[in-house]
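Survey of secondary and tertiary structure
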Amino acid sequence: MSVIVPLTLHDALQALAEAPDATLLAGGTDLMVELNAGHRQVTDVVSLSRVADLCTWQHDPVRQVLTLGAGITYAEIATEPIAQWVPALAQAARTVGSPQIRNAATIGGNLGTCSPAGDGLPVLSALEAVVHLRSATGSRDLPFDEFMVGPKRTARLPGELITGVSVPVLDGWQGYSKVGVRNAMVIATASVALVTDPAARRVRLALGSVGPVILRCPEAEAAAATAVDFHAASVSDSAVEHFAELARAAARPIDDHRSTAAYRRHAVGVLAGRLLRKAFPNG
Ligand SMILES: Cc1cc2nc3c(=O)[nH]c(=O)nc-3n(C[C@H](O)[C@H](O)[C@H](O)COP(=O)(O)OP(=O)(O)OC[C@H]3O[C@@H](n4cnc5c(N)ncnc54)[C@H](O)[C@@H]3O)c2cc1C
């Protein structure tokens, strides 16, 4: 087994060009668990942890876009200044594992694993994030919903790595909620991200852990957009219940060792309704 530890993005891409099927290692909080459990075999490893280019972020105040390098950790996302621009992502970050895990775990690794239970992913979906991919021969950008193609399956090609992800900085309320089998250190059995965009008069809803991919809920979003009063921050109780029902209808959950499909479907409705009520507390 070879382990390459490049210091620049250029060198990382070169290493990957020479071994396109090499395993990328960031914080290792998913990968090492899989290796230790014998669920994954690796031959070549390219470590990204010392690639400074991947560990930066940029906030463009004119375009109102935040770009996070793949190596940005959940600990960084959970705190200022990043937290003020993407409060729902910060909220999701605070629910990831423990402080030790959050200090090592990266947003690029969450995207790389692409589990439907990944806490960052419903927020990225609701924000309509763009994933940046690069290889030695070029780069491409994919909307998150095209990047995630199945449970733990992505559109990333051999020889490519995720360099980062861009999200809009919106001025409306946004939030993230999850339920699991305990209060901390828990993988979500159901999760919901809700993002409001007052300028576009839109409410965006994404569900995690209730389908093979993160699910958007166009019917619920459309219903909310007509039911809410952005100016008065109000929505009726009946509209909240209808929204929750549409969220439940959009879920495609399964029974597994963590929960039942019926509980998951119920839970996303409750979480979606609560988030809509928090976003529009009046009425
Ligand atoms: C105790 C524990 C608790 C956890 N709790 C949570 C939780 O509450 N919520 C949650 O969402 N996750 C949780 N996780 C999972 C994990 O911490 C996250 O998925 C994390 O974001 C993975 O990031 P990483 O940097 O450690 O990735 P790694 O383990 O280094 O890599 C993960 C995968 O992504 C690939 N990869 C990494 N970087 C890139 C890149 N730049 N381009 C392409 N592919 C890349 C790797 O090859 C690998 O396949 C937990 C893990 C542990 C061990």
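Each remark here, short or long, concerns the structure printed above.
Everything numeric in this text was worked out from a predicted model, so none of it was measured.

Topic: the sheet that holds strand β2 (residues 23-25)
Strand order in the open sheet formed by three strands is β1-β3-β2, and the pairing between neighbours is parallel. Of all strands in the sheet, those with a lone pairing partner are β1 (2-4) and β2, marking the two edges. This sheet shows a mean twist of 25 degrees between the axes of neighbouring strands, independent of strand direction.

Quick word on the site of the ligand
Around the ligand, the structure places 34 residues, and the nearest of them are Leu24, Thr29, Asp30, Thr106 and Asp119. Within the backbone of Gly27, a nitrogen or oxygen atom sits 2.8 Å from an oxygen atom of the ligand. Between the ligand and the protein, one listed contact pairs an oxygen atom with a side-chain N or O atom of Thr106 at 2.6 Å. Contact with the protein chains covers 90% of the free accessible surface of the ligand, which is 990 Å². Those elements that provide at least two residues to the shell around the ligand are β2, α2 (31-36), α6 (99-104), α7 (107-113) and β10 (161-168). Considering each element in turn, the shell around the ligand owes the most residues, five residues, to α7. Grouping the amino acids of the shell around the ligand by side-chain chemistry returns 17 nonpolar, 12 polar and five charged. Shared between two domains, the shell around the ligand holds at least three residues of each, these being domain 1 (2-168) and domain 2 (174-279).

A look at the packing of aromatic side chains
Scanning all chains against the criterion turns up two aromatic pairs. When the centroid spacing of 5.3 Å and the interplanar angle of 85 degrees are considered together, the rings of Phe230 and Phe280 count as edge-to-face. Of this pair, Phe230 sits in the loop between α10 (218-227) and α11 (237-250) while Phe280 sits in the segment after α12 (261-279), and the two are 50 residues apart along the sequence. This pair shows no difference in class: Phe230 is buried, exactly as Phe280 is.

Some remarks on the packing of α11 against α12
It is the contact of α11 with α12, at a shortest axis distance of 8 Å, that shows an interaxial angle of 145 degrees. Crossing hand, α11 versus α12: right-handed. Residue-level contacts link Asp237, Val240, Phe243, Ala244, Ala247, Arg248 and Ala249 of α11 to Arg265, His266, Val268, Gly269, Val270, Ala272, Gly273, Leu276 and Arg277 of α12. Grouping the constituent residues of the contact of α11 with α12 by class yields nine nonpolar, three polar and four charged.

Some words on the pattern of salt bridges
Counted according to the given criterion, the structure contains 13 salt bridges. Between Arg40 and Glu34 there is a salt bridge, and its shortest N-O distance comes to 3.1 Å. Given the relative accessible area of 36%, Arg40 is considered partly exposed. One salt bridge in this structure joins Arg204 and Glu128, with 3.9 Å as the shortest N-O distance. Of the two residues, Arg204 sits in strand β13 (residues 202-208) while Glu128 sits in the loop between α8 (120-126) and β6 (130-135), which places them 76 residues apart along the sequence. On the accessibility criterion, Glu128 (36% relative accessible area) is partly exposed. Shared partners join several salt bridges into a network, and the residues in it are Glu128, Asp197, Arg202, Arg204, Arg216 and Glu221.

Focus on the sheet that holds strand β11 (residues 174-179)
Taken in spatial order, the four strands line up as β11-β12-β13-β14 in an open sheet, and their pairing is antiparallel. The open sheet has two edge strands with one neighbour each: β11 and β14 (215-216). As paired elements, β11 and strand β12 (residues 190-197) share six bridges and run antiparallel to each other. Directly across from Gln174, in β12, lies its bridge partner Val195. Each of β12, β13 and β14 is contacted by α11, which is oriented at about 40 degrees to β13, the strand it contacts most. Set on the sheet, α12 makes contact with β11, β12 and β13; between it and β12 the angle comes to about 25 degrees.

Thresholds, definitions, all that
- Residues numbered from 1 in each chain as written.
- Predicted model: local features only at pLDDT ≥ 70, side-chain atom pairs only at ≥ 80, totals over all residues.
- Heavy atoms only, no water.
- Pairing = 2+ DSSP bridges.
- Helix = DSSP H or I, 4+ residues; strand = E, 2+ residues; numbered from the N terminus.
- Axes fitted to C-alpha atoms, helices over the stretch in contact; angles between N-to-C directions.
- Near = heavy atom within 4 Å.
- Polar contact = N/O pair within 3.5 Å; in protein donor to acceptor, adjacent residues only side chain to side chain.
- Areas by Shrake-Rupley, 256 points an atom, 1.4 Å probe, with all protein chains shown as cover.
- Nonpolar A, V, L, I, M, F, W, Y, C, P; charged D, E, K, R; others polar.
- Domains from an automatic or database assignment.
- Phe/Tyr/Trp six-rings, centres within 6.5 Å; stacked < 30°, edge-to-face > 60°.
- Buried < 20%, exposed > 50% of the residue type's maximum accessible area, 1.4 Å probe, protein only.
- Left-handed = near helix turned anticlockwise from the far one by under 90°.
- Contact = heavy atoms within 4.5 Å.
- Salt bridge = Lys/Arg side-chain N within 4 Å of Asp/Glu carboxyl O.

What is shown is where atoms sit, not what they do.
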